[in-house]
Amino acid sequence: MNCSGKDLYSEATVHMAFHDAIDTVTFSDEASEVYLAPGWIDIQVNGFAAVDYNNPATPQEEIGRSVGVLLSTGVTRFYPTVITGPPDAMAGALRNLASARESLPVGAAMDGFHVEGPHISAEDGPRGAHPRHWVRKPDLDEYARWQEATGGRIRIVTLAPEWPEAVRYIERITRDGVVAAIGHTQATAAQIADAVSAGATLSTHLGNGAHSVMRRHPNYIWDQLAEDRLMADFIVDGIHLDAAFLKVALRAKTLERAVLVTDAAPPAAAAPGRYYIGEQAVDLSEDQRVTLAGQDRLAGSALRMDRGIENLVRLAGLSLGDAVRLATVNAAKAGKVPGRSGGLTPGDRADLVQFRWDGGRIEVTGVWISGRRVYSI
Ligand SMILES: [Zn+2]
């Protein structure tokens, strides 16, 4: 439908439905195609614009600055993500982020928090860049401390289901409405099936956090691809996954159950060089690879959501509308973002992104949170 932007922007809630992603509003008076879409949702962000969300001492104003840069990429809601580390540091980082959420004018963009680890595989490959020393078994007391630190805003916990304690843990956190996600795992088919029966609904960055060489079949990637009760998110930076795997994985999951995430690390939207995720040093190279310092092991990405959507079109052959769906409706569903799994409907918080689409490139031109313009060019 065509409509006047003015009607939409004047209130804090939307007055019309955005059931699908972007084919709803176009402004025909512009030289290039301009679209309006629900604000993008990123359920896995470890840091951004040189700011580390895993350090309990990161200043609030620095977190605020990084959120400002995230907004400029079209993201209106995201889950800051804390990875495997010492118990006190993980709880401290979550407490610091929750405090920033309360105090910052842009804090509302931090809708909840994702804890990735520490209950993951200790083995090289599945463990990815998480420090082996701090891998530990599922612990509901520690989960309670995370919830206490964030005022009950933990929304996703990523864990490996091969821990004997995993089923009970998954049953407990999903009763709270928390998403149990499978990741950094080398689980058997039976262990994955048990985790799903216990309530797991998501695969975290499927195809990554895995052995570089594995049995062709069966293996834990096929098992998760074939499990229709699992949604799956993918890091679409053109580095973590090749185009053939991405295409096949999206077809297996279908456009209903596939999700775009960035898994952004502090070097995202920053210059090449040395950065830190908690105590771990990482390097951003000129070709946008983020690796553990002195190694070739990937440690998150330098991806931004707008580039991820472009990459879905370029690498996987999706239409722009379908690509945006993976960053809006599907991301909301996977992360249980309140009120967003139907796109935007009348009465919802007016979180919107306006962008130009030209030659396969997205240029974000305006972003609104609750109807308030927070970014424009
Ligand atoms: Zn990971």
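The preceding data block contains the structure.
Attention in this report is confined to the structure presented alongside it. What you are looking at is a predicted structure, and each value in this text was computed from that prediction instead of being measured.

Quick look at the coordination of the zinc ion now. Within the first shell, the zinc ion binds the protein through Glu-116 (OE), His-184 (NE2) and His-205 (NE2), at distances of 2.0 to 2.1 Å. Sequence positions of the residues that donate to the zinc ion give the spacing E-x67-H-x20-H. Of this pair, Glu-116 sits in strand S7 (residues 113-116) while His-205 is found in the loop between strand S10 (202-203) and helix H7 (220-226), placing the two residues 89 residues apart along the sequence. The class of His-205 is buried, set by a relative accessible area of 3%.

Turning next to the pattern of salt bridges. For the structure shown, the criterion picks out 20 salt bridges. As a salt-bridge pair, Arg-304 and Asp-306 come within 2.6 Å of each other at their nearest N and O atoms. Glu-310 is paired through a salt bridge with Arg-307; the nearest N and O atoms lie 2.8 Å apart. Residue Glu-310 and its partner Arg-307 are both found in helix H9 (residues 305-316); the two are separated by three residues, about one turn of the helix. Relative accessible area serves as the criterion here: at 21%, Arg-307 is assigned to the partly exposed category.

By the secondary structure assignment, Arg-77 is in strand S6 (residues 75-83). Reaching out from Arg-77, the side chain makes a polar contact with the side chain of Asp-351 at a distance of 3.5 Å. If we ignore the near neighbours within four places in the chain, the residues touching Arg-77 are Trp-40, Ile-41, Asp-42, Ala-109, Asp-111, Val-337, Pro-338, Arg-340, Arg-349 and Asp-351.

Strand order across the open sheet formed by three strands is S13-S14-S15, with antiparallel pairing between neighbours. The open sheet has two edge strands with one neighbour each: strand S13 (273-277) and strand S15 (290-292). Neighbouring strand axes in the sheet, compared pairwise and without regard to direction, differ in orientation by 35 degrees on average. Examined bridge by bridge, strand S14 (residues 280-284) and S15 share three bridges and lie antiparallel to one another. Bridging from a neighbouring strand, Leu-284 pairs with Val-290 of S15.

What follows concerns the packing of aromatic side chains. Per the counting criterion, the structure on display carries four aromatic pairs. Among the aromatic residues, those joined into a cluster by ring pairs are Tyr-35, Trp-40 and Phe-355.

What follows is about the side chain of Ser-301. Structurally, Ser-301 is set in the loop between S15 and H9. A residue is classified by how much of its surface remains accessible, and Ser-301, at 1% relative accessible area, is buried.

The next thing to look at is unusual backbone geometry. Of note, the bond from Gly-117 into Pro-118 is cis; its omega dihedral lies within 30 degrees of zero at 0 degrees. Looking at the secondary structure, you find Pro-118 in the loop between S7 and helix H4 (140-150). Even without being a glycine, Ala-49 presents a positive backbone phi close to 55 degrees. Tracing the backbone through its elements, the reader meets Ala-49 in the loop between strand S4 (47-48) and strand S5 (51-52). The backbone phi angle of Thr-254 is positive, close to 70 degrees, even though this residue is not glycine.

Burial of S7 is two-sided: the residues Phe-113 and Val-115 facing one way and the residues His-114 and Glu-116 facing the other way are all buried. Here S6 pairs with S7 via three bridges, running parallel. The residue bridging Ile-83 from the neighbouring strand is Glu-116, located in S7. Tracing the backbone out of S6, into helix H3 (residues 87-103) and back to the parallel element S7 gives a crossover that is right-handed. Examined bridge by bridge, S7 and strand S8 (residues 154-159) share four bridges and lie parallel to one another. Within S8, the position partnered with Glu-116 by the bridge is Thr-158. Taken together, S7, H4 and S8 form a β-α-β motif whose crossover is right-handed.

Below, the discussion takes up the pairing of S14. The side chains of a regular strand alternate, residue by residue, between the two faces of the sheet. Extensive coverage of S14 is indicated by the burial of four of its five residues. Where S13 lies against S14, five bridges are found, and the strand directions are antiparallel. Paired with Tyr-275 across the two strands is Val-282, which belongs to S14. Two successive antiparallel strands, S13 and S14, enclose a turn made up of two residues, where Gly-278 displays a positive phi of approximately 60 degrees. Connecting the antiparallel pair S14 and S15 is a turn made up of five residues, with Gln-288 showing a positive phi of about 75 degrees.

Each value, and the rule that gives it
- Residues numbered from 1 in each chain as written.
- Predicted model: local features only at pLDDT ≥ 70, side-chain atom pairs only at ≥ 80, totals over all residues.
- Heavy atoms only, no water.
- Donors = N, O, S within 2.8 Å, 3.2 Å for Na, K, Ca; no water.
- Helix = DSSP H or I, 4+ residues; strand = E, 2+ residues; numbered from the N terminus.
- Buried < 20%, exposed > 50% of the residue type's maximum accessible area, 1.4 Å probe, protein only.
- Salt bridge = Lys/Arg side-chain N within 4 Å of Asp/Glu carboxyl O.
- Polar contact = N/O pair within 3.5 Å; in protein donor to acceptor, adjacent residues only side chain to side chain.
- Contact = heavy atoms within 4.5 Å.
- Pairing = 2+ DSSP bridges.
- Axes fitted to C-alpha atoms, helices over the stretch in contact; angles between N-to-C directions.
- Phe/Tyr/Trp six-rings, centres within 6.5 Å; stacked < 30°, edge-to-face > 60°.
- Right-handed = clockwise from strand over helix to strand, strands pointing away.

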